[in-house]
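# Fold and geometry: a report
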Amino acid sequence: EIGSGLVGSEMCIRDRSVWGYHKKPDSKFDVPWGFVITEGDKKWKLISDGSSDGFEHMKASAYLPKSIFNLTDGNKGLNVSIKAFTPLVPHDLVISNTPVQIFDITIENVKNKERKINFSISHNVLKGKSRKGMLSFNDGKGDVAFFIEDGKTNKNEAYKSLELKPGESETLRCYIAWYLSLIHI
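All figures in this text were calculated on a predicted structure; none of them were measured in a lab.

## Observations regarding the overall build of the protein chain
- What the protein chain contains, in helices and strands, is one helix and 14 strands.
- Contacts in the protein chain between residues far apart in sequence, at least 24 positions, make up 59% of those at least 6 positions apart.

## Details of the confidence of the model for the protein chain
- Residue-level pLDDT values for the protein chain average 77, and 76% of them are 70 or greater.
- No element of the protein chain has a lower mean pLDDT than strand β1 (residues 6–12), at 43, and none a higher one than strand β13 (residues 157–164), at 95.
- Below a pLDDT of 50 lies the segment residues 1–29, which in the model reaches 52 contacts outside its immediate sequence neighbourhood of four places, other chains included.
- With pLDDT under 50 throughout, residues 48–52 is counted as low confidence; its partners more than four residues away or in other chains account for nine contacts.

## Quick notes on the environment of R115
- By the secondary structure assignment, R115 is in strand β8 (residues 115–123).
- In this structure R115 comes out as buried when scored by relative accessible area, which is 2%.
- For R115 and G40, which are 75 residues apart along the polypeptide, the C-alpha to C-alpha distance reads 9.6 Å.
- If we skip the residues at most four places from it in the chain, R115 touches E39, W44, K76, G77, L78, N109, L162, E163 and L164.
- Side chain to side chain, R115 and E39 meet in a polar contact 2.6 Å long.
- One polar contact links the side chain of R115 to the main-chain carbonyl oxygen of K76, over a distance of 2.8 Å.

## Notes on unusual backbone geometry
- Of note in this structure, H91 is not a glycine but carries a positive phi near 65°.
- Within the secondary structure layout, H91 lies in the loop between β6 (78–85) and α1 (93–96).
- Taking relative accessible area as the criterion, H91 reaches 87% and is therefore assigned exposed.
- Unlike most non-glycine residues, D150 shows phi in positive territory, near 60°.
- Summarising the element assignment, D150 is placed in the loop between β11 (143–148) and β12 (152–153).

## Quick word on the pairing of strand β5 (residues 66–73)
- Of the strand pairs in this sheet, strand β4 (residues 57–63) and β5 are connected by seven bridges, and their pairing is antiparallel. Pairing of A62 across the sheet is with S67, part of β5.
- If you look at the hairpin formed by β4 and β5, you'll find two residues sitting between the two strands.
- Here β5 pairs with β6 via seven bridges, running antiparallel. Residue L71 lies in a different strand from β6, and its bridge partner there is V80.
- What sits between β5 and β6 in their antiparallel hairpin is a turn of four residues, with G77 showing a positive phi close to 70°.

## So, the pattern of salt bridges
- On inspection of all chains with the given rule, the structure shows four salt bridges.
- Between K76 and D73 there is a salt bridge whose closest N-O contact spans 3.1 Å. The exposure classification of K76 matches that of D73, with both residues buried.

## Considerations on a nonpolar patch on the surface
- Among the surface-exposed residues, V89, V94 and I95 lie close enough to one another that they form a single nonpolar patch of about 250 Å² accessible area.
- Following the sequence through the fold, I95 ends up in helix α1.
- Classification of I95 as partly exposed rests on a relative accessible area of 39%.

Reading the values: the criteria
Residues numbered from 1 in each chain as written. Predicted model: local features only at pLDDT ≥ 70, side-chain atom pairs only at ≥ 80, totals over all residues. Heavy atoms only, no water. Helix = DSSP H or I, 4+ residues; strand = E, 2+ residues; numbered from the N terminus. Contact = heavy atoms within 4.5 Å. pLDDT = per-residue confidence, 0-100. Buried < 20%, exposed > 50% of the residue type's maximum accessible area, 1.4 Å probe, protein only. Polar contact = N/O pair within 3.5 Å; in protein donor to acceptor, adjacent residues only side chain to side chain. Pairing = 2+ DSSP bridges. Salt bridge = Lys/Arg side-chain N within 4 Å of Asp/Glu carboxyl O. Patch = residues over 30% accessible without salt bridge, like charges linked within 9 Å, V, L, I, M, F, W, Y side chains within 5 Å. Areas by Shrake-Rupley, 256 points an atom, 1.4 Å probe, with all protein chains shown as cover.

Printed below as a string of structure tokens:
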């Protein structure tokens, strides 16, 4: 609806051509980081980087300043909802211009068995430093940080392990911040 700030679309994301992404997955232009769900030896990236291991269907909508992405794939037995937003405080330009993206990610187990899942924000190229539960990298332009509330870190990911019973879901609050001083955080 025009003027409401509400936007929506639905698509199959199994086919890379839908996104206009035609580079080989090992190309230097690949996205070096992403949200990853791991279960045993299976790994699924939630941000499209040209790989075919993502979710089959995505429904996207936005009600500014929030964007909502619902990912489903019957073969994986998981439903994932990503609500993304940046801080927007009326009449406060400092907070409203803070370079941070906040994600509320809900993972639902739709299989009839309990599952042990690891969710992470991982970086394939840079090795980071953990400080105060946050993983930070310097990419030559400034610091970039990954953080998951109640999560842990290692050298290239912030992560949280989940145990989901059939029909159960859990919501994770994740942050990605960039090019700000992390000295006082």
